[in-house]
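Chain residues, written in single-letter form:
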Number of protein chains: 2
Amino acid sequence: MEEIKKKILLVEDDPNFGIVLKDYLMMNDYDVVHAKNGMEGFEKFKKDDFDLCILDVMMPYKDGFTLAKEIREKNTDVPIVFLTAKTMKEDVLKGYKVGADDYLNKPFDSEVLLMKIKAIMQRKATETISDSKQFEFKIGRFELNSKLRFLRFNGGEPIKLSPKENELLRLLALHENDLMPRELALTKIWRDDNYFTSRSMDVYIAKLRKYLKLDDKVEILNIHGEGFRLVVN
Amino acid sequence: MEEIKKKILLVEDDPNFGIVLKDYLMMNDYDVVHAKNGMEGFEKFKKDDFDLCILDVMMPYKDGFTLAKEIREKNTDVPIVFLTAKTMKEDVLKGYKVGADDYLNKPFDSEVLLMKIKAIMQRKATETISDSKQFEFKIGRFELNSKLRFLRFNGGEPIKLSPKENELLRLLALHENDLMPRELALTKIWRDDNYFTSRSMDVYIAKLRKYLKLDDKVEILNIHGEGFRLVVN
DNA sequence: GTGGCTTTTAACCTTACATTAACAAAAATG
DNA sequence: CATTTTTGTTAATGTAAGGTTAAAAGCCAC
């Protein structure tokens, strides 16, 4: 069996610490790309597919949270672990809000980091039976390209989608003809399930319905109290 | 709408801390079962389905790790979070080894715990796309899809069912040609058996009969004082 | 800063649901 | 057979969820 190394994006501005950590991870059989600041980190993220991102919170120009937000816009799934020097509650909360998978206070024990990485990878392994690469969908006479964020009807001019429109439609498409639970969209896309995010989602459903009107065989049905259903007749 | 709370098993031997934590979680809309030691924790785990386990590491008789191992034997998926007073590396490693999802050092901030719980639940939400097939029934020339909540006659236009209509018909279908006791529907669907819920159920039986009139081979019979029978001739 | 795009919040309206009431009809009871 | 209990059915009510549109707030790039 082909042994494929897991790819980690490490964004850390302290050069010494960054190199030590990179070497340590590589010694443990991970493929590591090291970026020295948030800007570089984002560039490298766009150019490759990573299994995990380790982001330092305190960085010049672009901090870890900002970078995480950008990464989340491109990819809602990739696990993110934050590194921080301070054990500040505010930071931790902020981290989880942008979808962190875990959190580490410096100085931390390298073995602990390794275990966390393993645990996270294991989690993802069970979810990702082979999903990924699910970014292109046919929906009736529409074509959704979720990576480039556009929707095209009948091979015509592409309609640009906003990040939220795109994610929501993608999630619906993943469950085509089946139930896409409200809760799923709210936790996956909005990362919070409350009255306001729920209303926000309804607004986006309305927007998507407007786009999809072009094809009268495609519609989004509501299942009261449960969620929505993208049906193609 | 049916409010379904997430169920948490909390195993914590310190009575004060345990009760405070339990109350805090319940205030935040979780359904919490509190066990005061590892033994009791395992008993309660076996008797119910939990969405998350929070285990204290230091406990008399049976520590959190041992309990976690037993839980993992029964259930490989349920998320486990450890609580520990000390920030001991050994403990952390051991925790991840038995499949912990996260780790909290006491004293911890309650808001942080809440965020972690949310993050963990969100992770799980994705995995649980849930299997179907136990939601589809044939009833004469009808087809009942209990997940998408519709009833279709002869492959025609689906009739949308309300949650209660749906559950009631599903329960009848599960007992096709057999007695479906009143009490069963009332306790399972209405979660209460009194005069009013009983009348409410009768109203729903009337609604279902109206739908099922389309096929004269299908009917709902009453067995006086006992319940109902969905018969297909 | 300003302008343009995205997202959230608000307001108002419609639909969907569940319960309760009211009255009628069966069935059981003694 | 008179009366009580259970069931059948329809309609009215109150509440919650969802639909729609617009305004406000947030963000980013210039």
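An account of the accompanying structure is given in this report. (Residues numbered from 1 in each chain as written. Chains lettered and ligands numbered in written order. Predicted model: local features only at pLDDT ≥ 70, side-chain atom pairs only at ≥ 80, totals over all residues. Heavy atoms only, no water.)

Once that is clear, we can look at the overall build of chain A. Along its length, chain A carries eight helices and twelve strands. Looking at chain A residue by residue over its 233 residues, the buried ones come to 48%. Look at the contacts in chain A between residues 6 or more apart in sequence, and 54% of them connect residues 24 or more apart. Taken as a whole, chain A presents about 12,000 Å² of accessible surface, with 52% of it coming from carbon and sulfur. Positive and negative side-chain charges in chain A, numbering 40 and 41 respectively, have mean positions lying 4 Å apart. (Helix = DSSP H or I, 4+ residues; strand = E, 2+ residues; numbered from the N terminus. Buried < 20%, exposed > 50% of the residue type's maximum accessible area, 1.4 Å probe, protein only. Contact = heavy atoms within 4.5 Å. Areas by Shrake-Rupley, 256 points an atom, 1.4 Å probe, with all protein chains shown as cover. Lys, Arg positive; Asp, Glu negative; His and termini not counted. Charge placed at Lys NZ, Arg CZ, Asp CG, Glu CD.)

Below, the discussion takes up the pairing of strand β6 (residues 136–139) of chain A. Residue and element names in this part refer to chain A. The two faces of β6 differ: F137 and I139 on one face are buried, but E136 and K138 on the other face are not. Bridge count for β6 against strand β7 (residues 142–145) is four bridges, and the pairing is antiparallel. Each bridged residue has a counterpart across the sheet, and for F137 the counterpart in β7 is L144. (Pairing = 2+ DSSP bridges.)

As a further point, take the protein's contact with DNA strand D. Neighbouring residues of DNA strand D: 21 residues in total, closest R182, R199 and R209 of chain A together with R209 and G225 of chain B. Near the protein, meaning within 4 Å, the atoms of DNA strand D are sugar or phosphate in a fraction of 64%, with bases accounting for the rest. Here G225 of chain A contributes a backbone N or O atom positioned 3.0 Å from a phosphate oxygen of DNA strand D. Looking at the surface near DNA strand D residue by residue, the classes come out as five nonpolar, six polar and ten charged. (Near = heavy atom within 4 Å. Polar contact = N/O pair within 3.5 Å; in protein donor to acceptor, adjacent residues only side chain to side chain. Nonpolar A, V, L, I, M, F, W, Y, C, P; charged D, E, K, R; others polar.)

With that settled, the discussion passes to the protein's contact with DNA strand C. In the region of DNA strand C, 22 residues are neighbours, and S162 and W190 of chain A together with S162, W190 and Y204 of chain B sit closest. Within 4 Å of the protein, the contacting atoms of DNA strand C are 79% sugar and phosphate, with bases supplying the remainder. The separation between a phosphate oxygen of DNA strand C and a polar side-chain atom of S200 of chain B is 3.1 Å. At the level of secondary structure, the elements contributing two or more residues to the surface near DNA strand C comprise α6 (163–174) and α8 (195–212) of chain A together with α6 (163–174) and α8 (195–212) of chain B. The dominant element in the surface near DNA strand C, judged by the number of residues it contributes, is α8 of chain A, at six residues. A class-by-class count of the residues in the surface near DNA strand C yields ten nonpolar, six polar and six charged.

For the rest of this paragraph, the subject is the sheet that holds strand β7 (residues 142–145) of chain B. All names here are of chain B. Reading across the sheet, the four strands line up as β6-β7-β8-β9 and stay open at both edges, with antiparallel pairing between neighbours. The sheet terminates laterally at β6 (136–139) and β9 (158–160), the two strands that pair on one side only. Each strand of the sheet is rotated relative to its neighbour by a mean of 25°, with strand direction disregarded. (Axes fitted to C-alpha atoms, helices over the stretch in contact; angles between N-to-C directions.)

The next subject is the sheet that holds strand β11 (residues 218–223) of chain A. Residues and elements named next belong to chain A. Taken together, the three strands give an open sheet; going across it, the order is β10-β12-β11, and neighbouring strands pair in antiparallel fashion. The sheet terminates laterally at β10 (179–181) and β11, the two strands that pair on one side only. Each strand of the sheet is rotated relative to its neighbour by a mean of 30°, with strand direction disregarded. In this fold helix α7 (residues 182–190) packs onto β10 and β12 (227–232), with an angle of close to 50° to the strand it touches most, β10. The sheet contacts of α8 involve β10, β11 and β12, and relative to β11 the element is tilted by about 155°.

The next point concerns the nonpolar core. Within the largest apolar cluster, 44 residues are counted, with the highest numbers of intra-cluster contacts made by L25 and I117 of chain A together with L55, I71 and F82 of chain B. For L25 of chain A, the contacting residues outside a window of four places in its chain are I8, Y30, V32, I54, L113, L114 and I117 of chain A. Grouped together as the second largest cluster of nonpolar side chains are 43 residues, I71 of chain A together with V32, I54 and I117 of chain B included. (Core = buried A, V, L, I, M, F, W, Y, C linked by side-chain atoms within 4.5 Å.)

A word on the interface of chain B and chain A. If you look at the interface, chain B gives 28 residues, while chain A gives 32 residues. When the two sides are added together, the surface that chain B and chain A hide from each other amounts to roughly 2,800 Å², 59% of it contributed by carbon and sulfur. Taken together, the connections running from chain B to chain A amount to three salt bridges. Residue D178 of chain A pairs with K147 of chain B through a salt bridge whose shortest N-O separation is 3.1 Å. Applying the counting criterion to the chain B and chain A interface returns four residue pairs in polar contact (both at pLDDT 80 or more). By residue number, the principal contributor to the side of chain B that touches chain A is helix α5 (residues 110–127) of chain B, which donates eleven residues. Each residue belonging to the side of chain B that touches chain A can be placed in one class, and the counts come to twelve nonpolar, two polar and 14 charged. (Buried area = accessible area lost by both parts, 1.4 Å probe. Salt bridge = Lys/Arg side-chain N within 4 Å of Asp/Glu carboxyl O.)

Turning next to the environment of E73 of chain A. Locating E73 of chain A in the fold gives a position in helix α3 (residues 64–74). Distance from E73 of chain A to I189 of chain A, taken between C-alpha atoms, is 9.7 Å for residues 116 residues apart in sequence.

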